[in-house]
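Here are the chains, one letter per residue:
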Amino acid sequence: MAALLTDYDHIGVGRDDGRSSGEHEAIFYDRQKLKLLAKGNFWLSETLEKPGRGWDAACTRICTWGKFKCRKGGKKFFFFNLHMDHVGVVARRESAKLVVSRIREIAKGAPVVLTGDFNVDQHDEIYNIFAESGILKDSYEHARQRFAECGTFNGFHPERHSDSRIDHIFVSPEFNVLRYGILTCGYWTPEGLCLPSDHYPVLVTLSR
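Attention in this report is confined to the structure presented alongside it. (Residues numbered from 1 in each chain as written. Predicted model: local features only at pLDDT ≥ 70, side-chain atom pairs only at ≥ 80, totals over all residues. Heavy atoms only, no water.)

Quick word on the overall build of the protein chain
Step number 1: When you go through the protein chain residue by residue, the secondary structure sums to three helices and 13 strands.
Step number 2: Taking 2.2 N^0.38 as the reference for a compact globule, 208 residues should give roughly 17 Å; the C-alpha atoms of the protein chain span a radius of gyration of 17 Å, in line with that estimate.
Step number 3: Taken along the three principal axes of its C-alpha coordinates, the protein chain extends 50 × 45 × 35 Å.
Step number 4: In the protein chain, which comprises 208 residues, the share counted as buried stands at 44%.
Step number 5: With the model as given, the accessible surface of the protein chain reaches about 10800 Å², and the carbon-plus-sulfur share is 51%. (Helix = DSSP H or I, 4+ residues; strand = E, 2+ residues; numbered from the N terminus. Rg over C-alpha atoms; globule rule 2.2 N^0.38 Å. Buried < 20%, exposed > 50% of the residue type's maximum accessible area, 1.4 Å probe, protein only. Areas by Shrake-Rupley, 256 points an atom, 1.4 Å probe, with all protein chains shown as cover.)

Brief notes about the side chain of Ser 172
Step number 1: Within the secondary structure layout, Ser 172 lies in the loop between strand E9 (167-171) and strand E10 (176-182).
Step number 2: Look at Ser 172 and you get buried, because its relative accessible area is 3%.
Step number 3: Of the polar contacts made by the side chain of Ser 172, one reaches the backbone nitrogen of Val 112; its length is 2.9 Å.
Step number 4: Here Ser 172 is in contact with Pro 111, Val 112, Ile 135, Leu 136 and Lys 137, once residues within four sequence places are set aside. (Polar contact = N/O pair within 3.5 Å; in protein donor to acceptor, adjacent residues only side chain to side chain. Contact = heavy atoms within 4.5 Å.)

Some points on the packing of aromatic side chains
For any pair of aromatic rings, geometry is given as the distance between the ring centres together with the angle between the planes.
Step number 1: Per the stated rule, a full pass over the model turns up nine aromatic pairs.
Step number 2: Grouped by ring-pair contacts, the aromatic residues Phe 118, Tyr 127, Phe 130 and Phe 170 constitute a single cluster.
Step number 3: Positioned above the aromatic ring of Tyr 140 is the side chain of Arg 146, whose terminal nitrogen or guanidinium carbon lies 4.1 Å from the ring centre.
Step number 4: In this structure, Arg 165 packs its charged tip against the face of Tyr 140, placed 3.6 Å from the ring centre. (Phe/Tyr/Trp six-rings, centres within 6.5 Å; stacked < 30°, edge-to-face > 60°. Lys NZ or Arg CZ within 6 Å of the ring centre and 35° of its normal.)

Details of a positive patch on the surface
Step number 1: Judged by side-chain charge, Lys 35, Lys 69, Arg 71 and Lys 76 come together as a positively charged surface patch.
Step number 2: Accessibility expressed as a relative area gives 41% for Lys 35, which makes it partly exposed. (Patch = residues over 30% accessible without salt bridge, like charges linked within 9 Å, V, L, I, M, F, W, Y side chains within 5 Å. Salt bridge = Lys/Arg side-chain N within 4 Å of Asp/Glu carboxyl O. Lys, Arg positive; Asp, Glu negative; His and termini not counted. Charge placed at Lys NZ, Arg CZ, Asp CG, Glu CD.)

Overview of the sheet that holds strand E8 (residues 145-147)
Step number 1: In spatial order, the strands read E8-E10-E13; together these three strands make up an open sheet with mixed pairing. Looking at which strands have only one partner, the edges of the open sheet turn out to be E8 and strand E13 (202-207). Pairwise comparison of adjacent strand axes, ignoring direction, gives a mean angle of 10° for this sheet.
Step number 2: Taken together, the three bridges between E8 and E10 define a ladder with parallel strand orientation. In the strand pairing of E10, Phe 147 is matched with Gly 181. (Pairing = 2+ DSSP bridges. Axes fitted to C-alpha atoms, helices over the stretch in contact; angles between N-to-C directions.)

Next comes the structure, spelled out in C-alpha cells:
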C-alpha cells in the first residue's frame, strides 16, 4: 500500500516486535493536507509499553495513534487505530477499557477518531464501553446519510449477509458525521464475484 499510495505517509509498527514484524495497525495520511505532530503505539495487554499478549488473547494486539494538524485551517485532532483480539473475551473487554483510558490520557479532551477491527458488534456489551464512554460516539448512529446494506465481515463470501458491524469508526462528540457507508463492492473474475478483503471497508465523511 505504501508503494501505491505515493501521496501518503504512514505511521505504525509491527505488533510482534515493535519494529517491522507482524501485523501493523498503520495510519495513512495525505501529507499535503495533514501535518503529523506526534505519534505512538501501545499494546493491548497488561504490559502496554512492550510487545506481548494480553489476558486471554490468541494474538499480540496493538493500537497506533497520531496527532495531526490540518494544513488548511490549523485544526488539530488525534487518530487511533486498533485491532482487538478475535478469541479472548476478557482481552477484548480489558482492551476496550485500556483504549478509552489511553485516549483520555493522550488526547486530553482534544478531538479524536478511533477506527479498527473491534471483533465485537453493536449488540455486544463490550461495544458499549466505547459508545457509552462519554468521549466517543458511533459514527453509524449519528450519520446524516447512511449506506449500510450489510455488516462489515464477509469472510470472502459475497453472499454472506448480516447486520453485524465489527469494524467501527468512533468519533468524539464535536464531530458532525455527514455520511457513513459500508462499501460492499466486489470484482468479477472468470471464477465469479470476488472480494478484496474478508471485511468490507467503512467510509465516513466528517466535519467540525
